[in-house]
Amino acid sequence: MPYPYQVSNQIKIQLPDGSVREVPSGTSPLDIANSISPRLAAAVVVARIKPLAPAATSANEESLEASEEAMYSAHATSGERIVDLTTPLTEDVALELLKEADPAALKTVRHSAAHVMATAILELFPETKLGHGPATDNGFFYDVYRETPFTEADLAAIELRMADVVKRDEPFVRVEEPRDKGLAEYQQHGEFMKVHFIERFTKPGEAISLYKNGDFTDFCRGPHVPSTGRVKAFKVTSIAGAYWLGDEKNQQLQRIYGTAFFNQKDLDAHFKHLEEIKARDHRVLGKQLDLFSIQEVAGAGLIFWHPKGGLIRKAMEDWMREECIRRGYQMVFTPHIMRRELWKISGHEENYAENMYPPMELDDAEYRLKPMNCPGHILIYKNSPRSYRDLPQRYAELGNVYRYERSGTMHGLLRVRGFTQDDAHIFCTPEQIESEIEACIDFAEAVLKTFGFSEFQIELSTWDPRDKKFIGSAEKWDGAVGSLTKVLDRKNIPYKTIPGEAAFYGPKIDIKLVDVLGRLWQLSTVQFDWNLPARFDLEYIGDDGERHQPVMVHRALFGSVERFFGVLIEHYAGSFPLWLAPVQVGLVPISEKHLDYAETVKKKLEAAGLRVELDTSNQKMNAKIRDFGLQKIPFILILGDKEAATNSVSVRVRAKGDEGSVTVADFLARAKKLIEDHAMEL
């Protein structure tokens, strides 16, 4: 056993059914599983433990499990954690034995697969130097350095050798070693990345955590599956380049990617899922459906909206503006560039400059393109005296903003340098803040529902008092976080707290939608801010006749029109609901003699507000239908002698096929109802 303990006392183990067992200190989760059932012991992968009387933890400790540091620390956190089955239990804990279906078990097998891959790499290419190999949402990777870059053929050889490592079924064994000894060994072998990680994440005098399987040893905290044989289904997928520590002056590394599952069925389903994602790629569909483009001559990350994409954008923005007005917002517009001094007052010059375009020196001052709209809205508020009776003031703007994304980070519509933010800022009294936040969350839910998203997840991002990027007192931060928490609790919305991820001026609620493929997208956000009102000396006259400082809510619900549109394209695979479709109806006259009737129908549909396209080409009917189908048009109406004689249309519905003939009036009534209801189905 890698953890020699002398049993000196009994501890309590609480199982998921609520029962409590007293066992000797040093008993492992695997021992307990065997005592319940040998079959259970064979099925479990890792364990989750939580102290029955947990000590208070800092924000840093709460987030350790998700941090890079968690990969290397020899010392477990004081809260809930995932551990190896052989870990000796030395305190009273609640214990869960996790089987393959648990997400934590999948993450564990992927991290173990990274070790299997590293083992294979060193067996085949012993001159390779290792970085680190974490699990990811979709698999795992390992950063490596080798003077001769790896090739696709090398990846195939690595995958074959991984199969040998799995077949050997080598146990993963955790040991601890003095830090100085570990450093000396890694330095002796030129393992510069391992030396860096030890020096960064451990302290002098500490022990370091190592995992061994066969002849391979890695600096790692774990946990791992019991043996390499549990890594049953895996695939080495790709390779990419990166500089060590992100510095182009350092060594050029290679990052080898892979994925792993507990069985071949799940692995096959994963790649089928990836094919579905590929088929929905908004960049491919955007070109196929002629929705938008990015022009190299103009610059990376700058979007050109084509006529059909522009129609969808108009529908999105029209809905948003109408809904804002209905909910008590006032529409405003602010300039694209403003004096640099303004960004100094707001704090962006100090805290956000790396994301802004460089200053432009003009005749009277330096100017900067705006990365966000809030300072402009603040100036509108400040332009006139305000009374408590005037509050809340809600300003909304679909404003173009510009942020400097690094070269190579842009990705179609999803990560751009110029975009339109559906921004709003609410100026209110402290007593109004919670109701305004609640109204913003209600608005966000309405946006997601209207555009066809039924699932979402909530994250509450808070501050880290040790991080100098955050401005304001602890009292202010605690009060702001408390207000957001109260609203979420009152609405009975589950949420996850993310320490250290707040905006520099205040905590925020992020609303992540779940698309049809189960992917999470960060779009909507609601942020609390008392800092900017203070920086700009904002005031209102209270009912006591005294001057008071308002508080401020930032909120964006699309997030950006571009990103939201990209998500919509992929969610619907380009088959937009009727109310969003750029062309809602395609008209197919069977022959030239039916063109006059087709023109008559077209005018009736357009008069009712529908977006219609008539194919007047000399192609055959089936070719016209095929072309409209490739454009993913919701309704195709076929017009021949019978239809002309009866003032009707023959209806083909996208993805459903022929529905037969109906009168033009009946079709119009159906289409108008679908549009009015913002219906998702046809």
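Everything discussed here concerns the structure shown above.
Counting from 1, residues in each chain are numbered in the order their sequence is written. Residues qualify for local features only when their pLDDT is at least 70, as the model is predicted, and side-chain atom pairs are given and counted only at 80 or more; totals for whole chains, interfaces and linings, by contrast, use all residues. The side-chain numbers reported here are obtained from all heavy atoms of the structure, hydrogens and water having been left aside.

What follows is about the nonpolar core. Soluble globular proteins tend to pack their nonpolar side chains together in the buried interior. Throughout this description, the term nonpolar core refers to a set of buried Ala, Val, Leu, Ile, Met, Phe, Trp, Tyr and Cys residues connected via side-chain atoms within 4.5 Å. Relative accessibility thresholds used throughout: buried, under 20% of the residue-type maximum; exposed, over 50%; partly exposed, between the two (1.4 Å probe, protein chains only). If you look at the biggest cluster of nonpolar residues, it comprises 67 residues, and the most contacted ones within it are Met316, Ile437, Phe451, Ile509, Phe564 and Phe576. In DSSP terms, a helix is any run of H or I states spanning at least four residues, a strand is any run of E spanning at least two, and both are numbered starting from the N terminus. Top contributing element to this core by residue count: helix 14 (residues 433-450), with eight residues. Contact definition: two residues touch when any of their heavy atoms are within 4.5 Å. Contact partners of Phe564, with chain neighbours within four places excluded, come to Met316, Val447, Phe451, Phe453, Leu513, Leu523 and Phe558. Ala114, Val166, Tyr211 and Ile256 belong to the second-largest nonpolar core, a separate cluster that totals 36 residues.

Taken together, the six bridges between strand 31 (residues 648-653) and strand 32 (residues 657-663) define a ladder with antiparallel strand orientation. Looking at the pairing, Ser650 lines up with Ser661 of strand 32. Two strands are said to pair when DSSP picks up at least two bridges between them. The turn joining strand 31 and strand 32, which pair antiparallel and follow one another in sequence, is formed by three residues; a positive phi near 70 degrees is taken by Ala655.

Sheet architecture is open: four strands sit in the order 6-7-12-11, paired in antiparallel fashion. Only two strands of the sheet have a single neighbouring strand rather than two, namely strand 6 (129-130) and strand 11 (233-243). Here strand 11 pairs with strand 12 (residues 252-261) via ten bridges, running antiparallel. Residue pairing in the sheet places Ala242 in a bridge with Leu253 of strand 12.

A separate point is empty space enclosed by the protein. Using a 1 Å grid laid over the protein atoms alone, points where a 1.4 Å probe fits but cannot get out form a cavity; open sets with protein on both sides within 12 Å along at least 5 of 7 lines form a pocket; any residue with an atom within 4 Å of a point counts as lining. Grid points are joined across faces, edges and corners, and a volume is the space filled by probe spheres set on the points. For the coordinates displayed, the defined rule picks out three cavities of 30 Å³ or more. When its volume is computed, the largest cavity comes out at roughly 100 Å³. Lining the second largest cavity are Met320, Arg321, Cys324, Met331, Ala396, Glu397, Leu398, Asp422, Asp423 and Arg555. Listed by contribution, the elements that provide at least two residues to the lining of the second largest cavity are helix 10 (307-326), strand 19 (393-402) and strand 20 (418-428).

Empty space left among the atoms is revealed by rolling a probe the size of a water molecule over them. Estimates place the volume of the second largest pocket at around 1,300 Å³. Elements that contribute at least two residues to the lining of the second largest pocket include exactly helix 12 (348-351), strand 20, strand 21 (455-461), strand 23 (508-514), strand 24 (520-529), strand 27 (551-556) and helix 17 (561-572). Throughout, the ten residues Ala, Val, Leu, Ile, Met, Phe, Trp, Tyr, Cys and Pro are labelled nonpolar, Asp, Glu, Lys and Arg are labelled charged, and all others, Gly among them, are labelled polar. Looking at the lining of the second largest pocket, its residues break down into 16 nonpolar, 13 polar and 14 charged.

Before going further, it helps to spend a moment on the packing of helix 10 against helix 14. Axis definition: a line fit to C-alpha positions, over the contact stretch in the case of helices; interaxial angles, taken between N-to-C directions, run 0 to 180 degrees. It is at 12 Å that the axes of helix 10 and helix 14 come closest, and there the two elements cross at 150 degrees. Relative to helix 14, the element helix 10 lies roughly antiparallel. In this structure, helix 10 crosses over helix 14, and the sense of that crossing is right-handed. Here Trp319, Met320, Glu323 and Cys324 of helix 10 come into contact with helix 14, specifically with Phe443, Ala446, Val447 and Thr450. Roughly parallel covers angles under 35 degrees, roughly antiparallel covers those over 145, roughly perpendicular covers 65 to 115, and oblique covers all other angles. A clockwise turn of the near helix away from the far one marks a right-handed crossing, whereas an anticlockwise turn of less than a right angle marks a left-handed crossing.

Quick look at the pattern of salt bridges now. By definition, a salt bridge exists where a carboxyl oxygen of Asp or Glu is found within 4 Å of a side-chain nitrogen of Lys or Arg. This structure, assessed with the given rule, holds 44 salt bridges. As a salt-bridge pair, Glu317 and Arg313 come within 2.8 Å of each other at their nearest N and O atoms. Here Glu317 and its partner Arg313 are both found in helix 10, four residues apart, which amounts to about one turn of the helix. Accessibility assignment for this pair places Glu317 and Arg313 in one class, buried. Among the charged side chains, a salt-bridge network with shared partners connects Glu123, Arg161, Asp164, Arg168 and Glu170.

This part covers a nonpolar patch on the surface. On the surface, Ile337, Met360 and Leu362 cluster together into a nonpolar patch covering about 210 Å² of accessible area. Assignment of secondary structure puts Met360 in strand 17 (residues 360-361). Like charges within 9 Å and nonpolar side chains (Val, Leu, Ile, Met, Phe, Trp, Tyr) within 5 Å are joined into patches, using only residues over 30% in relative accessible area that form no salt bridge. Only the protein chains shown count as cover for residues, with accessible areas throughout obtained via the Shrake-Rupley method and a probe of 1.4 Å.

Right, let's get into helix 21 (residues 664-676). What a helix should span is 1.5 Å times the count of its residues minus one. When the terminal C-alpha atoms of helix 21 are compared, their 18 Å separation across 13 residues agrees well with the 18 Å that a helix rising 1.5 Å per residue should span. What helix 21 keeps buried is the set Val664, Phe667, Leu668, Ala671 and Leu674. For helix 21, the angular spread of buried residues about the axis comes to 130 degrees, placing them on one side. Exposed side of helix 21, more than 90 degrees from the buried face: Ala665 and Glu676 are the residues found there. With its phi angle positive at about 50 degrees, His678 sits one or two positions after the end of helix 21. Relevant arc is that of directions from the helix axis to the C-beta atoms, nothing else.

In this model, Gly222 is joined to Pro223 through a cis peptide bond whose omega is 0 degrees. Take Pro223: it is sitting in the loop between strand 10 (216-219) and strand 11. That bond from Leu391 to Pro392 is cis: its omega, 5 degrees, falls within 30 degrees of zero. Relative to the assigned elements, Pro392 resides in the loop between helix 13 (374-382) and strand 19. Even without a glycine there, the phi angle at Asp290 is positive, about 60 degrees. Structurally, Asp290 can be placed in the loop between helix 9 (282-288) and strand 13 (292-293). Residues other than glycine seldom take positive phi values, yet Asn647 does so here, at roughly 50 degrees. Structurally, Asn647 is set in the loop between helix 20 (641-646) and strand 31.

Before going further, it helps to spend a moment on the side chain of Ser209. The topology assignment puts Ser209 in strand 9 (residues 207-213). Ser209 sits in the buried class, given a relative accessible area of 0%. Each polar contact in these results corresponds to two N or O atoms within 3.5 Å; when the atoms are within protein, one needs to be able to donate a hydrogen and the other to accept it, and residues that are neighboring in sequence are counted only if both atoms are side-chain atoms. Side-chain polar atoms of Ser209 contact the side chain of Arg174, separated by 3.1 Å.

Attention now goes to the packing of helix 6 (residues 179-188) against helix 7 (residues 192-201). Running from amino to carboxyl end, helix 6 crosses helix 7 at an angle of 160 degrees, the nearest separation of the two axes being 8 Å. Judged by the angle between their axes, helix 6 and helix 7 are roughly antiparallel. Along this stretch, helix 6 crosses helix 7, giving a crossing that reads as left-handed. Here helix 6 contributes Arg179, Gly182, Leu183, Tyr186 and Gln187 to the contact with helix 7, which in turn contributes Lys194, Val195, Ile198 and Glu199. Classifying every residue of the contact of helix 6 with helix 7 by side-chain character gives four nonpolar, two polar and three charged.

Within a pair of aromatic rings, the relevant descriptors are the distance that separates the centres and the angle that separates the planes. What counts as a ring pair is set by centres within 6.5 Å for rings of Phe, Tyr and Trp (its six-membered ring), and what kind of pair is set by the plane angle: stacked under 30 degrees, edge-to-face over 60, tilted for all other angles. Summed over the entire model, instances satisfying the criterion amount to 24 aromatic pairs. On the numbers, 5.3 Å between centres and 90 degrees between planes, the contact of Trp477 with Trp530 is edge-to-face. One end of the pair, Trp477, is in helix 15 (residues 474-490); the other, Trp530, is in the loop between strand 24 and helix 16 (531-535), with 53 residues separating them in the sequence. Exposure remark for Trp530: the relative accessible area of 5% places this residue in the buried category. Each residue in the set Trp319, Phe451, Phe453, Phe558, Phe564 and Trp579 is aromatic and connected to the rest through ring pairs, giving one cluster. Positioned over the ring face of Phe150 is Arg146, at 4.8 Å from the centre of the ring. By definition, being over a ring means that NZ of Lys or CZ of Arg is both within 6 Å of the ring centre and within 35 degrees of the ring normal. If you follow Arg255 out to its NZ or CZ, it ends over the ring of Phe141, 3.8 Å from the centre.

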